[in-house]
Amino acid sequence: METKKPKLDIEKPAVAKAFDVLVIALFAAALVYLVLQWNQLPDRIPAHFGANGEVDRYGSRMELLLLPVIGIVMWVGMWKLEKYPHTYNYLNLRPDNVEIQYRYGVLFMNVMKNISTLLFVFLIWQSIDIALARIGSLNMPLLITILALLFGSMGVYLYKVLKL
């Protein structure tokens, strides 16, 4: 039996609001860095990386603009989706746990939105520095940390939801 999903007004937790501010500030810093470095960038910049963090494809510096565009579209889309937890698909949704499921859902969406955006910040920054020969390859420990946070957050969410 499927539980009817009521529309509830779920307040975004203060920690989620703070995370939004931090990530927006970091994303803005990455955009400022891109603008400040634009004229120094060579015509060919890193466009793809192998599993070892080495550049395996170069492209036009215009391709570098795709990262912030995708990051912004994704962040705004997920920010909008955060406001409608009744539209999510849930595991184990019952009338007695709808509110807590929605709270978990809103927080989960916030964490996914912001960690994904941090990944774009990282890629923008690293691509610029590689293109300018300041570094030779991606900072793999940092990339692995961001990905571990992203997938670890998914695991924590699933664990909490399955316990309900």
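Higher on the page you've got the structure.
Residues numbered from 1 in each chain as written. Predicted model: local features only at pLDDT ≥ 70, side-chain atom pairs only at ≥ 80, totals over all residues. Heavy atoms only, no water.

An account of the environment of Arg-103 is requested, with residue identities and associated values reported.
Here Arg-103 lies in helix 3 (residues 98-131). Residues Arg-103 and Ile-10 lie 93 residues apart in sequence; the distance between their C-alpha atoms is 6.5 Å. With residues up to four places along the chain from it excluded, the contact list for Arg-103 reads Ile-10 and Glu-11. (Helix = DSSP H or I, 4+ residues; strand = E, 2+ residues; numbered from the N terminus. Contact = heavy atoms within 4.5 Å.)

Tell me about the pairing of strand 1 (residues 44-49), and name the residues and values.
Here strand 1 runs beside strand 2 (residues 55-60); their pairing, made up of five bridges, is antiparallel. Within strand 2, the residue paired with Pro-46 across the bridge is Tyr-58. Once strand 1 ends, the chain turns through five residues before running back antiparallel as strand 2, passing Gly-53 with a positive phi of about 90°. (Pairing = 2+ DSSP bridges.)

An account of the packing of aromatic side chains is requested, with residue identities and associated values reported.
Here the structure, examined in full by the defined rule, presents five aromatic pairs. Measuring from centroid to centroid gives 4.3 Å for Tyr-33 and Trp-125, while their planes differ by 10°, and the two rings are stacked. Here Trp-125 lies in helix 3 and Tyr-33 lies in helix 1 (residues 14-37), a separation of 92 residues in the sequence. Note on Tyr-33: relative accessible area 13%, which makes it buried. Judged by relative accessible area, which is 32%, Trp-125 ranks as partly exposed. Aromatic side chains Trp-75 and Trp-79 sit 6.4 Å apart centroid to centroid with 10° between the ring planes, which places their arrangement in the stacked category. Taken together, the positions of Trp-75 and Trp-79, both in helix 2 (residues 66-82) and four residues apart, correspond to about one turn of that helix. Site record: aromatic cluster; members linked through ring pairs are Tyr-88, Tyr-90 and Tyr-102. The aromatic ring of Trp-75 is capped on one face by Lys-113, whose charged end is 4.3 Å from the ring centroid. (Phe/Tyr/Trp six-rings, centres within 6.5 Å; stacked < 30°, edge-to-face > 60°. Buried < 20%, exposed > 50% of the residue type's maximum accessible area, 1.4 Å probe, protein only. Lys NZ or Arg CZ within 6 Å of the ring centre and 35° of its normal.)

Account for the environment of Leu-93, naming residues and giving values.
Along the chain, Leu-93 turns up in the loop between helix 2 and helix 3. Residue classification places Leu-93 among the buried positions, given a relative accessible area of 15%. Sequence separation between Leu-93 and Lys-4 is 89 residues, and the spatial gap between their C-alpha atoms is 9.1 Å.

Could you give an account of unusual backbone geometry, with specific residues and numbers?
Its identity as a non-glycine residue notwithstanding, Asn-92 has a phi of 65°, on the positive side. The residue Asn-92 is located in the loop between helix 2 and helix 3 in this model. By relative accessible area, which is 32% here, Asn-92 ends up partly exposed. For Ala-133, which is not glycine, the phi torsion reads 60° and is therefore positive. The topology assignment puts Ala-133 in the loop between helix 3 and helix 4 (140-163).

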